[in-house]
Amino acid sequence: MSKIQILTRGIIKDNPIFVLLLGICPMLGTTSSAMNGLGMGIATMSVLLLSNIMISLFKNLIPNKVRIPAYIVIITTLVTALQLLMNAYTPALYNTLGVFIPLIATNCLIFARVEAFASKNNVVNSAIDGLGTGFGFLGALVLLGTIREILGTGTFFGHKFIEGDGVLIFVLAPGAFIALGFLIAIFRKVTAKIS
């Protein structure tokens, strides 16, 4: 598989949100605005990229019997470092995302990519896979956050451009499910025509 195929697979063919439906909980919980989606997407992509690199580097040193606990330690360490950095440098975003930041450590998307790809491939391909899958996740979060913010409050990245209050349901959890359902249907319809 070429490096371009590895990169684009996570964005289109195996998009973690619209195709694989992985990482839905933080996506639904944090995408009430485009900024929150962007912040959570970058945070998750960073952990995914770094965990893929680390596990690919150390895959031959980790005994098979303890590989899952070793993955957990590596991913949790990266999430803790990310949490400390966000608290220090982006405290407003850190406070908004709250409990969803430490929950990155249990995101099934990260474990799926580490187990399925990084533990079996070289560092460069693992990094490319982390970037592609991370961009697919980031794009889905920003898109969903943008739609919910525009429909729910009439703003885009906090800037008001539609008069009125918006439709409250899109800021709440049911709006996330409704918007996600439509986005999944549209994504699958569009990608079916491409492939």
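Going by the structure above, here's the rest.
Everything numeric in this text was worked out from a predicted model, so none of it was measured.

Engineer: What's the story with the nonpolar core in this structure? I'm lost.
Structural biologist: As a rule of thumb, soluble globular proteins bury nonpolar side chains together. Counting 40 residues, the largest nonpolar core has Phe-18, Met-86 and Ile-104 as its most contacted members. Contributions of two or more residues to this core are made by helix 2 (24-30), helix 3 (34-58), helix 4 (67-89), helix 5 (91-97), helix 6 (108-118), helix 7 (123-153) and helix 8 (173-194). Considering each element in turn, this core owes the most residues, 8 residues, to helix 4. For Met-86, the contacting residues outside a window of four places in its chain are Ala-43, Pro-91, Leu-93, Tyr-94, Leu-97 and Ile-101.

Engineer: Would you take a moment to explain helix 8 for this structure?
Structural biologist: It helps to recall that an α-helix has 3.6 residues per turn; residues three or four apart then point in one direction. Spanning 22 residues, helix 8 covers 31 Å between terminal C-alpha atoms, matching the ideal 32 Å at 1.5 Å per step. All buried positions along helix 8 are accounted for by Gly-175, Ala-176, Ala-179, Leu-180, Leu-183, Ile-184, Phe-187 and Thr-191. Buried residues of helix 8, seen end-on, are gathered within an arc of 160° and therefore sit on one face of the element. Exposed side of helix 8, more than 90 degrees from the buried face: Phe-177, Phe-182, Ile-186, Lys-189, Ala-192 and Lys-193 are the residues found there.

Engineer: Could you clarify how one ought to interpret the state of the cysteines in this entry?
Structural biologist: Within the structure shown, the criterion is met by 0 disulfides. In this model Cys-25 remains outside any disulfide bridge; the closest cysteine sulfur is found in Cys-108, 9.5 Å from its own. Overall, Cys-25 belongs to the exposed group, its relative accessible area being 53%. Judged by its relative accessible area of 39%, Cys-108 falls in the partly exposed class.

The rules behind these values
Along each chain, residue indices are assigned from 1 in the same order as the chain's sequence is written. Local features in this predicted model are restricted to residues whose pLDDT is 70 or higher, and side-chain atom pairs enter the listing and the counts only when it is 80 or higher, whereas totals over whole chains, interfaces and linings include all residues. Values shown for side chains rest on all heavy atoms present in the structure; no hydrogens or waters enter the calculation. By convention a nonpolar core is built from buried Ala, Val, Leu, Ile, Met, Phe, Trp, Tyr and Cys residues, the set being connected through side-chain atoms within 4.5 Å. Burial here depends on accessible area, computed with a 1.4 Å probe over protein chains only, as a share of the maximum for the residue type. Under 20% is buried, over 50% is exposed, and the range in between is partly exposed. Think of it this way: any DSSP run of H or I at least four residues long counts as a helix, any run of E at least two long counts as a strand, and we number them from the N terminus. Throughout, a residue-residue contact means that at least one pair of heavy atoms, one from each residue, lies within 4.5 Å. For a helix, the expected span equals 1.5 Å multiplied by the residue count minus one. Working note: the arc is built from the helix axis to C-beta atom directions. The criterion for a disulfide is a pair of cysteine sulfur atoms lying within 2.5 Å.

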